[in-house]
Amino acid sequence: MPNLLSLPSLLLASTILRIILLLYGLHQDATSPLKYTDIDYLVFTDASRFLAQGLSPYTRETYRYTPLLAHLLLPTTWQPQWLWFSFGKVLFALGDLLATWGIVKLLEKRVGTKKAVILAGLVWGLNPMVATISTRGSSEGLLGAMVVGLLWLVESEQWVLAGALLGWSVHWKIYPGIYGPAVVWWMGRKRVVRKEAGLVERVLGFVMWERVIFTASALAVFAGLNVWMYKVYGHPFLHETYLHHLSRLDHRHNFSPYNILLYLASASASAGISPDSFPWERLAFFPQVLLSFLLLPLAYAKRSLPSTLFAQTFAFVTFNKVCTSQYFMWYLVLLPFYLTESSFVTSPKKGVVALLAWVLGQAVWLSQGYRLEFLGEAVFVPGLWLASLLFLVVNTGILGVVCSDLGRLPAERVVEVKVEKKKL
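Now for a look at the structure at hand. From a predicted model like this one, the values you see are computed outputs, not experimental measurements.

Analysis parameters
Residues numbered from 1 in each chain as written. Predicted model: local features only at pLDDT ≥ 70, side-chain atom pairs only at ≥ 80, totals over all residues. Heavy atoms only, no water. Helix = DSSP H or I, 4+ residues; strand = E, 2+ residues; numbered from the N terminus. Buried < 20%, exposed > 50% of the residue type's maximum accessible area, 1.4 Å probe, protein only. Patch = residues over 30% accessible without salt bridge, like charges linked within 9 Å, V, L, I, M, F, W, Y side chains within 5 Å. Areas by Shrake-Rupley, 256 points an atom, 1.4 Å probe, with all protein chains shown as cover. Salt bridge = Lys/Arg side-chain N within 4 Å of Asp/Glu carboxyl O. Phe/Tyr/Trp six-rings, centres within 6.5 Å; stacked < 30°, edge-to-face > 60°. Lys NZ or Arg CZ within 6 Å of the ring centre and 35° of its normal.

## So, the environment of L11
Assignment of secondary structure puts L11 in helix α1 (residues 7–31). What makes L11 partly exposed here is its relative accessible area of 22%. With 85 residues separating them in the primary sequence, L11 and D96 have C-alpha atoms 10.0 Å apart.

Structure follows, in structure tokens:
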């Protein structure tokens, strides 16, 4: 009898789940007015079609991604269409499976194979939300595989490859950039400079060969890709891939409390009216970046890097001015690592309450979102706004527990390093 709690069994079950969903998606697309395929996938494939015609992928309005994604999906333009159109969905599903494999392999050293398979299966591989999002045509599964790969390379101390993958990932989508400070700070977990050291000594104590190699590799790949893409596609690449995020007004399916401001700003922009008030939604970047890019890495990276990456991502999504279900994938791929150190597991009641609150918070918002976006009811205030605040409160409470758990973890043993001042 095969071992059901093994990596091959998990990968087989995860693959079957995705095949079923892909086939069901083809049926729903062909028979129902409510399509299974995500609108983003149509944007991706339209951009690839323009690319195949010798045009820029940015000819397709609302294409806000690196041109590399459009290049990757060029097979979707091949004939016959019924065979090749789903190529991208299959590719994204394979990214899910690769991430599943990486999660188990990384967890085996911590909790053993059986527990690793259970955590990876429940949270990622066999999670119907994860499988559905990828098979509908969202590329987040590829990002998940990149993040797990980054963690693998960092723990293997392959600094050049780790930095290169981080640079590639940030070019692909901006948010993995928050992991850079955590990894750099984690590298010094076994090294400190004496308390009475001066500024020069502290700086010399911080500078390590591993940090230099990792940072240089990441910056070189990120800058190289951007210069290349800018030379080929010009300002549209720079604006659509990066600058757009400073002024984006995405409000549909947005769980963030900023969605009301985005609705108003979007309506004014559509009517050609300049808004009278300050664009307060742009201030969302400040608490988001301060918390996820600086404070959390400094506080916890030396205690547990994987769990810190989870906390950073959870905070980044929670306080982002645009918060959609697809973004939940960003932290779900790291959740299995945190659960090995979480009070949500050691205190199951707390875990159940948190899960129910998280699901209920979404359900309340979705009920208001359905009334607004499908029934056309004006439920902005108090319905949609209060639902957004409720979801923010739930997520902030969960983040508080995560930080409390990380704060109780012992810092890794450090060795005092005496750095001599260089004579100038």
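So that's the structure; there's more coming.
## Regarding a nonpolar patch on the surface
A cluster of nonpolar side chains, L199, V203, F206, V207, W209 and V212, forms an exposed patch at the surface whose accessible area comes to about 630 Å². Mapped by element, the contributors of at least two residues to the nonpolar patch are α11 (199–206) and α12 (209–233). Here the nonpolar patch gets three residues from one element, more than from any other, and that element is α11. Mapped onto the elements of the fold, V203 is located in helix α11. Assessed through its relative accessible area of 44%, V203 is described here as partly exposed.

## A look at the environment of I20
In this structure, I20 sits in helix α1. Sequence separation between I20 and T135 is 115 residues, and the spatial gap between their C-alpha atoms is 9.7 Å.

## Brief notes about the packing of aromatic side chains
For the structure shown, the criterion picks out 30 aromatic pairs. Between Y41 and F92, the ring centres sit 6.4 Å apart and the planes meet at 90 degrees, which makes this aromatic pair edge-to-face. Here the residue Y41 occupies a position in helix α2 (residues 39–52), and F92 occupies one in helix α5 (residues 87–111), the gap between them amounting to 51 residues. No difference in accessibility class separates Y41 from F92, as the two residues are buried. Members of the aromatic cluster, joined through ring pairs, are F255, F310, F314, F328, Y331, Y338, F344, W358, W365 and F391. In this structure, R189 is placed above the aromatic ring of W186, and the distance from its NZ or CZ to the ring centre is 3.7 Å. Above the ring of W185, the side-chain terminus of K302 is found at 3.9 Å from the ring centroid.

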